[in-house]
Amino acid sequence: MPSTKKEADDVLLALDGKTGEEVWRATIPGAPTGRNSSSTPAVSDGRVFAVGSERLHCVSLADGAVL
């Protein structure tokens, strides 16, 4: 049986408040932690900050580009 490497991505996404449709998605390599790394994002000066599985993430509020 081959050895496996546990991998997981941290994902931040923005949804349209009226339609519920996805506006953008930022996918950043992370570590599998189950729901232990879920966080409530904070927005300041056009940036979104959220705690991921291994670090604090910062992305553009406009388009989700990783900063």
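The structure under discussion appears in the preceding block.
Moving on: the overall build of the protein. Per the secondary structure count, the protein includes zero helices and five strands. Secondary structure elements of the protein, listed N to C terminal, follow the sequence β-β-β-β-β. Contacts spanning at least 24 positions in sequence make up 27% of the contacts within the protein whose residues lie at least 6 apart. Of the roughly 5,200 Å² of accessible surface on the protein, 51% is carried by carbon and sulfur atoms.

With that out of the way, let us pick up the environment of alanine 8. Residue position: alanine 8 is located in strand 1 (residues 8-15). You can call alanine 8 partly exposed: its relative accessible area is 23%. Residues alanine 8 and alanine 31, spaced 23 residues apart in sequence, show a C-alpha to C-alpha distance of 5.0 Å. If we ignore the near neighbours within four places in the chain, the residues touching alanine 8 are Pro29, Gly30, Ala31 and Pro32.

Positive phi values are uncommon outside glycine, yet aspartate 45 reaches one of about 50°. Along the polypeptide, aspartate 45 turns up in the loop between strand 3 (42-44) and strand 4 (47-51). Since its relative accessible area comes to 71%, aspartate 45 is described here as exposed.

What follows covers the nonpolar core. Residues Leu12, Ala14, Trp24, Ala26, Ile28, Val48, Ala50 and Val59 constitute the largest nonpolar core, which totals eight residues. Only strand 1, strand 2 (22-30) and strand 4 provide two or more residues apiece to this core. With near-sequence residues (within four places) excluded, alanine 50 lies in contact with Leu12, Ser39, Pro41, Arg55, Leu56 and His57.

Here the focus is a nonpolar patch on the surface. On the surface, Val11, Leu13 and Leu15 cluster together to form a nonpolar patch covering roughly 250 Å² of accessible area. Within the secondary structure, leucine 15 is located in strand 1. Among the residues examined, leucine 15 registers a relative accessible area of 51% and is labelled exposed.

Next up on the list: the pattern of salt bridges. Summed over all chains, the structure comprises two salt bridges. Between arginine 25 and glutamate 22 there is a salt bridge, with its nearest N and O atoms 2.7 Å apart. Residue glutamate 22 is classed as partly exposed on the basis of its relative accessible area, which comes to 43%. A salt bridge links glutamate 54 to arginine 55; the shortest N-O distance between them is 3.5 Å. The exposure class assigned to glutamate 54 is exposed, which follows from its relative accessible area of 53%. Overall, the relative accessible area of 36% leaves arginine 55 in the partly exposed class.

What counts and how
Residues numbered from 1 in each chain as written. Predicted model: local features only at pLDDT ≥ 70, side-chain atom pairs only at ≥ 80, totals over all residues. Heavy atoms only, no water. Helix = DSSP H or I, 4+ residues; strand = E, 2+ residues; numbered from the N terminus. Contact = heavy atoms within 4.5 Å. Areas by Shrake-Rupley, 256 points an atom, 1.4 Å probe, with all protein chains shown as cover. Buried < 20%, exposed > 50% of the residue type's maximum accessible area, 1.4 Å probe, protein only. Core = buried A, V, L, I, M, F, W, Y, C linked by side-chain atoms within 4.5 Å. Patch = residues over 30% accessible without salt bridge, like charges linked within 9 Å, V, L, I, M, F, W, Y side chains within 5 Å. Salt bridge = Lys/Arg side-chain N within 4 Å of Asp/Glu carboxyl O.

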